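Below are the chains, spelled out letter by letter.
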Amino acid sequence: MKVAVSGFKGRMGHEVVKTVLKEADLELVAVVDHEPKEKNIREITEFSTLDVPVFGNLSEMLDEIKPDCVVDFTTPKVGYSNTKTILEHGVSAVVGTTGFTPEQIEHLREIAESKKIGALIAPNFAVGAVLMMQFAQKAAKYFPNVEIIELHHDNKLDAPSGTAVKTAEMMAETREFVKQGATDEVELIEGARGAEYEGMRIHSVRLPGLVAHQEVIFGAEGQGLTVRHDSYDRISFMSGVALSVRKTKELETLIYGLENILD
């Protein structure tokens, strides 16, 4: 498969480039970034033996290179427009950028189905994180009192994380509605109780040295249950990215969430 990487100079995009280069059935044909200084990826010392063009405009790359799939790890500000552009060009997309609304996801799904191409948007590509979300969904049926704490590096732009939002959405499908905390509780400092989703509370931590971590804490009479996942290195996401790229060949719609393509 001919693969292009959008956002290749970011930490996740950089790791995706290295992953594509390692996979025998994937070929890196182009990279894209906002106002890049390079014209070819070989200008970067680490990739000096490669001959892969660098583009500053996604549409130009799609018109000239015509890849089979674009992997997009950019920012929430441009994630939706980038994905829309990729799909409208009739190219499959694997998107790790977060911040999509349900309405945007549905619109992108309509485009993918009209073009009969595959696409996947995932808040988290680590298989362990997907299992954590599935375990939390199962537990929420029996432990409706639950709070999410997600922890990421201090350069992450969106809060709460896409993983936390997806976890809350999945738990809401099986959980009896319970509004967390005392009915008359008062926040002495605004935001102290975190964000609220369907009565659940989500807390975001941003610190240097972290990568991506989340724990889901359940409480009940006389007992507690904690489900936690830790990504210590961005390579933890790469097997899920490679799997998703290959999976797009079989799809004619957009899938939201890596858990939906795992056996």
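Residues numbered from 1 in each chain as written. Predicted model: local features only at pLDDT ≥ 70, side-chain atom pairs only at ≥ 80, totals over all residues. Heavy atoms only, no water.

- Looking at an unreviewed UniProt entry, the chain carries the name 4-hydroxy-tetrahydrodipicolinate reductase, with the source organism given as Listeria farberi.
- Word for word, the UniProt comment on the chain under Pathway (unreviewed entry) is "Amino-acid biosynthesis; L-lysine biosynthesis via DAP pathway; (S)-tetrahydrodipicolinate from L-aspartate: step 4/4." (UniProt positions renumbered as here; feature names shortened; annotations may be inferred.)

1. Section: the pairing of strand 5 (residues 92-95)
Step number 1: Of the two faces of strand 5, the one lined by Ser92 and Val94 and the one lined by Ala93 and Val95 are each fully buried.
Step number 2: Bridging between strand 4 (residues 69-72) and strand 5 involves four bridges; their strand directions are parallel. Within strand 5, the residue paired with valine 70 across the bridge is alanine 93.
Step number 3: Chirality of the crossover, the property in question, places the unit of strand 4, helix 3 (residues 76-88) and strand 5 among those that are right-handed.
Step number 4: With three bridges connecting them, strand 5 and strand 6 (residues 119-121) associate as parallel partners. The partner of valine 95 across the bridge, within strand 6, is isoleucine 121. (Buried < 20%, exposed > 50% of the residue type's maximum accessible area, 1.4 Å probe, protein only. Helix = DSSP H or I, 4+ residues; strand = E, 2+ residues; numbered from the N terminus. Pairing = 2+ DSSP bridges. Right-handed = clockwise from strand over helix to strand, strands pointing away.)

2. Overview of the pairing of strand 9 (residues 200-206)
Step number 1: One ladder, built from six bridges, connects strand 7 (residues 146-152) with strand 9; its direction is parallel. Looking across to strand 9, one finds that leucine 151 is bridged to valine 205.
Step number 2: As paired strands, strand 8 (residues 195-197) and strand 9 are joined by three bridges and run antiparallel to one another. Its bridge partner being in strand 9, tyrosine 197 is matched across the sheet by methionine 200.
Step number 3: Between strand 8 and the antiparallel strand that follows it, strand 9, lie two residues; glutamate 198 among them carries a positive phi value of about 50°.

3. Considerations on a nonpolar patch on the surface
Step number 1: On the surface, Val127, Leu131 and Phe135 cluster together to form a nonpolar patch covering roughly 240 Å² of accessible area.
Step number 2: Among the secondary structure elements, leucine 131 is positioned in helix 5 (residues 127-140). (Patch = residues over 30% accessible without salt bridge, like charges linked within 9 Å, V, L, I, M, F, W, Y side chains within 5 Å. Areas by Shrake-Rupley, 256 points an atom, 1.4 Å probe, with all protein chains shown as cover. Salt bridge = Lys/Arg side-chain N within 4 Å of Asp/Glu carboxyl O.)

4. Structural notes on the pattern of salt bridges
Working definition: two side chains of opposite charge can pair if their charged atoms are close together.
Step number 1: Per the counting criterion, the structure on display carries 18 salt bridges.
Step number 2: The residue aspartate 51 makes a salt bridge to arginine 42 at a minimum N-O spacing of 2.8 Å.
Step number 3: Classification of aspartate 51 by relative accessible area gives exposed; the value is 58%.
Step number 4: Residue arginine 42 is classed as partly exposed on the basis of its relative accessible area, which comes to 43%.
Step number 5: Ionic pairing is found between aspartate 230 and arginine 228, a salt bridge with its closest N-O pair at 2.8 Å.
Step number 6: Given the relative accessible area of 22%, aspartate 230 is considered partly exposed.
Step number 7: Put simply, Glu147, Lys179, Glu185, Arg193, Glu196 and Arg201 are held in one network by salt bridges that share partners.

5. Describing the sheet that holds strand 5
Step number 1: Spatial strand order, 3-2-1-4-5-6-12: seven strands in an open sheet with parallel pairing. Lying at the two open borders of the sheet, with one neighbouring strand each, are strand 3 (54-55) and strand 12 (254-256).
Step number 2: Sheet analysis places strand 1 (residues 2-6) next to strand 4, joined by four bridges and oriented parallel. Within strand 4, the position partnered with alanine 4 by the bridge is valine 70.
Step number 3: Across the sheet, helix 2 (residues 58-65) lies against strand 1, strand 2 (27-32), strand 3 and strand 4, angled at about 150° from strand 2, the strand it touches most.
Step number 4: In the packing of helix 4 (residues 102-115) onto the sheet, contacts are made with strand 6 and strand 12, and the angle to strand 12 comes to roughly 150°. (Contact = heavy atoms within 4.5 Å. Axes fitted to C-alpha atoms, helices over the stretch in contact; angles between N-to-C directions.)

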